[in-house]
Structure formats: structure tokens, C-alpha cells
Amino acid sequence: EAGVTQFPSHSVIEKGQTVTLRCDPISGHDNLYWYRRVMGKEIKFLLHFVKESKQDESGMPNNRFLAERTGGTYSTLKVQPAELEDSGVYFCASSQEGPRVEETQYFGPGTRLLVL
Amino acid sequence: AQKVTQAQTEISVVEKEDVTLDCVYETRDTTYYLFWYKQPPSGELVFLIRRNSFDEQNEISGRYSWNFQKSTSSFNFTITASQVVDSAVYFCALKGNYGQNFVFGPGTRLSVLP
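Residues numbered from 1 in each chain as written. Chains lettered and ligands numbered in written order. Predicted model: local features only at pLDDT ≥ 70, side-chain atom pairs only at ≥ 80, totals over all residues. Heavy atoms only, no water.

Caption draft 1: Highlighting the nonpolar core. Residues B:Trp36, B:Trp66, B:Phe77, B:Tyr90 and B:Leu110 are the most contacted members of the largest nonpolar core, which totals 24 residues. Of all the secondary-structure elements, those providing two or more residues to this core are β2 (10-14), β3 (19-21), β5 (32-39), β6 (46-52), β8 (64-69), β9 (74-79), β10 (88-96) and β12 (108-113) of chain B. Per-element accounting of this core gives the leading share, 4 residues, to β10(B). If sequence neighbours within four positions are ignored, B:Leu110 has contacts with B:Ile11, B:Val13, B:Val19, B:Ile79, B:Asp86, B:Ser87, B:Ala88 and B:Tyr90. Among the nonpolar cores identified, the runner-up in size contains 21 residues, and A:Val4, A:Phe65, A:Leu77 and A:Leu113 belong to it. (Core = buried A, V, L, I, M, F, W, Y, C linked by side-chain atoms within 4.5 Å. Buried < 20%, exposed > 50% of the residue type's maximum accessible area, 1.4 Å probe, protein only. Helix = DSSP H or I, 4+ residues; strand = E, 2+ residues; numbered from the N terminus. Contact = heavy atoms within 4.5 Å.)

Written out as C-alpha cells, the structure reads:
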């Protein structure tokens, strides 16, 4: 069974440009999460989808970040316009359907974003 | 507020040594869940273990073992007879009873030298 995949693996852009990150969850997983690790800091939650609906977006830093999950399958995270402080690793995770809080989240390899 | 502390930023050991990675957590939830993930050089976060707060039984899986102590709010991870392939960053994480998102510790970078 394929794990969580993310594209691209790396992205280098200039300040002010737009970048779109993609996440494909494990097949059948309704829950999809975005996290990021800014340089030298903890991995921080960004948002959580249940199918195509945003369940919790309390971690989104500002309105330059837009996440979508049309059709409840893959998700995209767009940063527009990118700023220097957005540099870091963006992780996606998925877990099985259902409201069980203890459900294990499986993570993708991350996208390394560098804003110059 | 929930918090996870991993006081060891980096650890270096020689192959075949045992090593313990510390994790201390804070939460007001009476039911919560603790996790360990491994991040090898390839970058992905690999799930290692989940422990429920109501189950304090320690667990052993091959060379890995976990010691959960509610009295000290700790969930330490021990690797016995370490190998070079164990070199990675290890994250401890906490999930409360009312939220689906994790609170991660800062990670401990383990280097196992041949």
C-alpha cells in the first residue's frame, strides 16, 4: 500500500512568488493534515481536513496560506505571496476515517521550501 | 496548554551502545495519546509507537523499548545495541482527547557512529 506522498520534494522560490504544494494521502484516509517545521523550531499543526471539509484551520499562520481538498482526495497548500519566514519543511499526514482521536497519523516525506 | 519537551538536542553513541531518548509532556487532559516518530535522512516521519494514557504497560519491540511513567509525565524511548541505521531525528508527540492534531517535541538528533 502506498504511503502519503508529497510533491514537490523541494522548492526554491523568490520572495513574493507563489508556490503550491500537493499531498496525496493514503487511499481511503478521510483525515488529512498539514504541518510545517520552520527552521530550528517544532513541527506545528496548520490544518485538518475531513474529506473535503476543513475541520480545524487554527494553525494557519495568515491569509497568505490557502489549503484546498476538492473531492476529498488530494490536497494543495498554496502560499501567495511567499515571504522569507515561510521557509521550512511542510509535512502532510493522513489517518483513517472516523472521529477516533487516538487514530495514528501517517506522514509524508515533506516538501522543503526555501524562500529567497 | 499542551507541551512536549525533548531536552536532548543531539546524542552521539558508538554502535552497539544502548541509548535512551527522553520525552516529558504536559497536558490537562485526563485521556491523551503519546507517539514516537523517526525521521531518517530521507525526510519522512516514520511512525514507531502509540501509547494511550490509560495503559501504562511498557512495550518492547525488538531493540526498541518504551517506558511510560504517568507519575513523572515521561515517555522515554530506549534503543538497545544501537546500529548505524538508527541514526535519525526522533520526535515525541502528544495528542489530547479533544483534538486531532499533534503537539510535537523539538526532536532529538541521534547519531550512531560505526
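Caption draft 2: Highlighting the sheet that holds strand β3 (residues 19-24) of chain A. Residues and elements named next belong to chain A. Spatially, the 4 strands line up as an open sheet ordered β1-β3-β8-β7, and their pairing is antiparallel. Where the open sheet ends on each side, the last strands, each with one partner, are β1 (5-7) and β7 (65-68). Strand-to-strand twist of the sheet, defined as the mean angle between neighbouring strand axes without regard to direction, takes the value 15 degrees. Across 3 bridges, β1 lies against β3 in antiparallel orientation. Paired with Gln6 across the bridge in β3 is Cys23. (Pairing = 2+ DSSP bridges. Axes fitted to C-alpha atoms, helices over the stretch in contact; angles between N-to-C directions.)

Caption draft 3: Layout of the state of the cysteines. All names here are of chain A. Applying the stated rule across the entire model yields 2 disulfides over all chains. The disulfide partner of Cys23 is Cys92, and the gap between their sulfur atoms is 1.8 Å. Between Cys23 and Cys92, the S-S dihedral sits near -65 degrees, and the bridge is therefore left-handed. In this pair, Cys23 is assigned in strand β3 and Cys92 in strand β9 (residues 88-95), connecting sequence segments 69 residues apart. (Disulfide = S-S within 2.5 Å.)

Caption draft 4: View of the pairing of β12(B). Residue and element names in this part refer to chain B. Burial of the side chains of β12 is restricted to one face: Thr108, Leu110 and Val112 are buried, whereas none of Arg109, Ser111 and Leu113 on the reverse face is. Bridging between β2 and β12 involves 5 bridges; their strand directions are parallel. By the bridge assignment for β12, Glu10 is matched with Arg109.

Caption draft 5: Molecular detail of the interface of chain B and chain A. At the interface, 23 residues of chain B touch 22 residues of chain A. Both sides of the chain B and chain A interface together cover about 1,900 Å² of buried area, and 55% of this is carbon and sulfur. Here chain B is connected to chain A by 0 salt bridges. Inspection of the chain B/chain A interface yields 4 residue pairs in polar contact (both at pLDDT 80 or more). The set of elements that each furnish at least two residues to the side of chain B that touches chain A consists of β5, β6 and β10 of chain B. Considering every element that reaches the side of chain B that touches chain A, the biggest residue donor is β5(B), with 4 residues. In the side of chain B that touches chain A, the residues fall into 10 nonpolar, 10 polar and 3 charged. (Buried area = accessible area lost by both parts, 1.4 Å probe. Salt bridge = Lys/Arg side-chain N within 4 Å of Asp/Glu carboxyl O. Polar contact = N/O pair within 3.5 Å; in protein donor to acceptor, adjacent residues only side chain to side chain. Nonpolar A, V, L, I, M, F, W, Y, C, P; charged D, E, K, R; others polar.)

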